[in-house]
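# Coordinates in review
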Amino acid sequence: MLKFYWRYILAIMVGFSVLAGALVVLAMLLIYPKLPSLDSLTNYQPKIPMRVFTADGALIAEFGAEHRAVTTLAKTPKVLQQAILAAEDDRFYEHGGIDTMGVLRAAISNLTSGGAKEGASTITMQVARNFFLSSEKTLTRKLNEALLAIKIEHSLSKDEILTLYINQIYLGQRAYGFGAAARTYFGKPIEQINLAEAAMLAGLPKAPSRYNPVVNFPRAQTRQHYILQRMLHLHYITEDEYNNAIAQQLVIRNTKDSATGEVEADYVAEMVRQAMYERYQDDIYSNGLKVYTTLRKTDQDAANQALWKGVEEYDERHGYRGAEGNIALPADTQNLANDLDNAMQELTAVHDLIPAVVLANNTKSVRVYIKDIGTTEISGAGIKFAQRYLTGANKNALHAGALIRVQKINNTEQWRITQLPQVAAAFVALDPHTGAIKALVGGVDYNYNKFNHVTQAWRQPGSTIKPFIYSAALEKGFTAATLVEDAPIHISADETGGVLWEPKNYEGDYAGIVSFRTALTKSLNLPTIRILQSITPSYAQNYLTRFGFDAARQPPYLTLALGAGSVTPLQLATGYAVFANKGMAVKPYIIDHITDAQGKTLLQTQPEAAKPAIDPRNAFIITSLMQDVVRRGTAARVNQLGRNDLAGKTGTTNDQVDAWFAGFQPNLVAVAWVGFDQPRTLGRGETGAQAALPIWMKYMSAALKGVPQAAITPPDGITKIQINPLTGLPVSNGDTGVYEYFYQEAVPVAKTQADANNADATDASTNANTAVPLP
């Protein structure tokens with residue numbers, strides 16, 4: 001009887017097998033011919049974002065709905081390939097697209113665990129689903145997936161299929177493919193991924209949102225450990241390699257914007273995006289264009305650090321302002337960390353200033369919860385900046401729930417209370433010979449304020465305009481030795497464009513008679529006004545256009561002498577480039593060349609040829625004057641850089657609303673600006689030398705490191721003679737004096753006493769030695 005039953009059961013099983021086989025054959029006959037073409041696989045052309053690079057190949061940003069970095073199997077580390085196989089399909093190189101052993105294993109696992117906890121999709125099936133099918137869980141979709149997998153296996157090699165999988169699979173954070181994921185999560189190219197990182201990445205395909213290490217690191221780490229165990233079990237790695245990978249501390253890029261690259265230049269990235277969109281429209285987001293800018297990574301890094309440090313120092317000088325806002329503390333502290341992280345979800349770190357919430361405080365310490373990090377106690381030096389808000393009348397300002405910013409102290413594990421800067425700043429540097437922009441920082445933080453101050457902020461230039469006024473005066477007959485009166489002056493409303501004006505020097509004192517050189521070196525206002533009065537504001541207004549300034553933004557009044565017009569930092573840098581480039585003007589540009597996804601050059605920028613703007617002798621003499629500015633004038637602090645090939649000019653507007661420094665080395669021009677978006681005073685003493693010059697110096701110190709000093713030599717047509725600084729005339733009878741440069745045809749001639757007694761007063765434009773008279 002028992003034997004009969006076994007025969008009966010066996011017959012049923014055979015019948016079912018035949019029926020199943022017949023159904024499969026029927027399905028194949030009906031469905032297989034209707035399966036989609038594999039052209040999208042055999043001619044794989046993924047949506048690749050536009051990438052923006054520095055001139056030396058550092059990634060700045062990428063723009064596209066899908067962040068993707070297409071790679072080859074040869075460039076994919078072996079440990080990453082093995083981690084993927086261990087996690088997803090360890091029999092990939094053995095089955096024909098459908099892993100029957102895997103299906104059986106998954107079925108047994110799901111039966112014993114009481115639910116569908118393990119799938120049986122092979123890598124080939126996942127490729128089929130990602131390219132052709134939806135993710136709906138239906139029998140029809142599953143059958144199509146299986147048949148497509150078989151078709152793919154008949155058309156492509158195993159290595160080709162794995163390459164498609166590595167490049168196409170979605171891995172969270174808008175990253176498609178493991179190349180993009182390597183940069184997104186670890187900030188490195190796929191070739192540099194190690195075993196521990198590979199196991200973390202290989203855990204993502206199963207559920208990118210669930211195992212995202214940015215969102216939930218503990219859960220992602222659990223998945224990583226499972227994959228490492230699988231790799232050990234499959235003999236992909238040794239016991240020692242397993243232990244080392246388990247022990248390795250992973251550093252995850254916790255960035256909200258995964259488009260951020262290897263160098264911070266968001267303002268430049270947006271400038272490039274706008275220019276590219278104008279040319280190629282929406283194609284830029286998917287056709288894999290590569291845009292190489294003129295930036296140098298070392299220069300951009302130096303500019304970022306210099307500007308941020310300068311802004312921090314300014315903020316420190318003006319004290320702590322109190323809490324940034326308030327966060328309601330949860331009544332139930334059991335999930336305190338999660339609740340506070342959610343409350344601060346929209347708040348991002350600005351540079352290294354991280355959002356935090358005060359939990360408790362006393363006069364000696366503050367306990368805070370730091371976003372995504374945890375609770376810590378801040379005391380001692382860490383509360384010094386905010387100390388006055390912990391005592392006296394302000395002691396309740398940092399109450400429980402107060403939203404603040406904290407910062408690590410010198411990269412230690414200690415924290416300090418700080419604050420978001422309110423002041424704005426900008427920096428730009430360019431090559432004066434070509435116009436290629438080498439560094440550009442449009443503001444304190446792009447995510448905090450997207451307004452590009454370098455190109456969009458029209459601000460009064462203050463005394464940085466003076467070198468251009470003095471250059472105009474040289475063309476009108478002045479020399480570096482011309483004597484000018486430094487004394488009180490009263491300007492009528494007609495000459496200012498509206499009101500009676502009684503200007504003063506910054507220090508409020510007067511020097512009497514000074515030389516043209518001294519007037520610029522010490523940035524004296526009154527002599528500069530007299531010089532402009534002599535050459536006329538309308539002449540100066542027109543002359544400024546030679547440097548690229550807009551005449552309409554430079555008022556033809558005497559207030560022009562002190563920078564009452566408007567310029568952008570980029571415009572000012574372009575103007576100073578004329579002096580650095582020996583009188584030749586260049587046009588700034590930011591895009592060097594563009595290539596397609598295959599590396600073929602689509603566009604190569606040809607810099608516009610430099611055009612003569614001013615006499616090279618004029619450029620040399622003004623440069624000589626600005627060398628004195630940085631040696632013994634208002635920017636004498638530049639001496640700390642230990643170079644003799646630097647020149648520049650400070651600039652401060654009325655009430656210290658704008659602070660500038662514009663300067664150059666013969667091969668590099670840079671401009672720094674500091675001010676508020678809604679113009680208001682920076683505070684007492686916040687001059688260009690105090691607020692802007694330190695930024696310029698920090699940048700130049702890094703940018704010129706190891707660069708030999710450049711010789712600044714006089715061009716043909718310049719004569720150097722000794723003069724008496726009190727008269728501006730050549731010395732005689734063996735007397736000693738100071739050396740000064742003159743146009744060869746404008747060397748002053750000492751007069752005899754008889755000539756002096758009979759000479760009539762002449763205008764400075766016809767006698768370069770005569771002091772400009774008091775109006």
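Residues numbered from 1 in each chain as written. Predicted model: local features only at pLDDT ≥ 70, side-chain atom pairs only at ≥ 80, totals over all residues. Heavy atoms only, no water.

### Focus on the sheet that holds strand 13 (residues 437-441)
Within a beta sheet, neighbouring strands are joined by backbone hydrogen bonds and run either parallel or antiparallel to one another. Selection rule: Here, any two strands with at least 2 DSSP bridges between them count as paired. Numbered from the N terminus, helices here are DSSP runs of H or I no shorter than four residues, and strands are runs of E no shorter than two. With axes taken as lines fitted to C-alpha atoms, and helix axes fitted only over the stretch in contact, angles between N-to-C directions fall between 0 and 180 degrees. Contact criterion: two residues are considered in contact whenever any of their non-hydrogen atoms come within 4.5 Å of each other.
Read from one edge to the other, the open sheet built from five strands follows the order 13-12-22-21-20, with strand pairing classed as antiparallel. Because the sheet does not close on itself, it has two edges, and the strands there are strand 13 and strand 20 (647-652). Across the sheet, the mean angle separating the axes of adjacent strands is 5° when strand polarity is ignored. Together, strand 20 and strand 21 (658-665) form the strand contacts of helix 22 (residues 616-632), whose direction differs from that of strand 20 by roughly 65°.

### Observations concerning the sheet that holds strand 5 (residues 290-293)
An order of 2-1-5-17-18 is seen for the five strands of this open sheet, with the pairing classed as mixed. On the outer flanks of this sheet lie strand 2 (59-63) and strand 18 (601-604), each paired with one strand and no other. If you compare each strand with its neighbour and ignore which way they point, the axes differ by 15° on average. Along the sheet, helix 12 (residues 266-280) contacts strand 1 (50-53), strand 2, strand 5, strand 17 (591-595) and strand 18; its crossing angle with strand 2, the most-contacted strand, is approximately 45°.

### Some points on the pattern of salt bridges
Put simply, the rule is: One side-chain nitrogen of Lys or Arg within 4 Å of one carboxyl oxygen of Asp or Glu is enough to make a salt bridge.
Here the structure, examined in full by the defined rule, presents 25 salt bridges. Salt-bridge contacts for E686 lead to R317; the nearest nitrogen and oxygen are separated by 2.9 Å. With E686 in the loop between strand 22 (668-675) and helix 23 (688-703) and R317 in helix 13 (residues 297-317), this residue pair connects regions lying 369 residues apart in the sequence. K587 is the partner of E608 in a salt bridge, and the nearest nitrogen-oxygen pair spans 3.6 Å. Taken as a pair, E608 in the loop between strand 18 and strand 19 (611-612) and K587 in the loop between strand 16 (584-585) and strand 17 lie far apart in primary sequence, 21 residues in all.

### Quick look at the packing of helix 16 (residues 466-475) against helix 21 (residues 569-580)
What counts, and what does not: The labels follow the angle: roughly parallel below 35 degrees, roughly antiparallel above 145, roughly perpendicular from 65 to 115, and oblique for the rest. Rotating anticlockwise by less than a right angle from the far helix to the near helix defines a left-handed crossing, while the corresponding clockwise rotation defines a right-handed one. Residue classes follow a fixed rule: Ala, Val, Leu, Ile, Met, Phe, Trp, Tyr, Cys and Pro count as nonpolar, while Asp, Glu, Lys and Arg count as charged, and any other residue, Gly among them, counts as polar.
Contact geometry of helix 16 with helix 21 gives a least axis separation of 11 Å together with a crossing angle of 40°. When the interaxial angle is binned, helix 16 and helix 21 end up oblique. Of the two elements, helix 16 crosses helix 21, and the hand of that crossing is left-handed. Residues P467, F468 and S471 of helix 16 lie in contact with helix 21, whose contacting residues are L572, G575, Y576 and F579. Looking at the contact of helix 16 with helix 21, its residues break down into five nonpolar, two polar and no charged.

### Points about the nonpolar core
Under the convention used in this document: What makes a nonpolar core is a set of buried Ala, Val, Leu, Ile, Met, Phe, Trp, Tyr and Cys residues whose side-chain atoms join them at distances within 4.5 Å. Each residue gets one of three labels from its accessible area relative to the maximum for its type: buried under 20%, exposed over 50%, partly exposed in between, using a 1.4 Å probe on protein chains only.
Among the nonpolar cores identified, the biggest contains 88 residues, and F468, I529, L572, Y576 and F579 are the most heavily contacted of them. Among residues more than four places away in sequence, those in contact with F468 are Y543, L544, F547, F549, L572, G575, Y576 and F579. Core analysis: the second largest hydrophobic core is formed by 48 residues, L80, A181, A182 and M200 among them.

### A few points about the packing of aromatic side chains
Selection criterion: Each aromatic pair joins two rings of Phe, Tyr and Trp (for Trp, the six-membered one) with centres within 6.5 Å, and gets the label stacked for planes under 30 degrees apart, edge-to-face for over 60, and tilted for any other angle.
For the coordinates displayed, the defined rule picks out 23 aromatic pairs. Ring geometry for Y470 versus F516: centroids 4.7 Å apart, planes at 55°, classification tilted. Of the two residues, Y470 is situated in helix 16 and F516 in helix 18 (residues 516-521); the sequence distance between them amounts to 46 residues. Judged by its relative accessible area of 0%, F516 falls in the buried class. A connected cluster of aromatic rings, assembled from ring pairs, spans F468, Y539, Y543, F547, F549, Y576 and F579.

In short, shape yes, function no, at least from these values alone.
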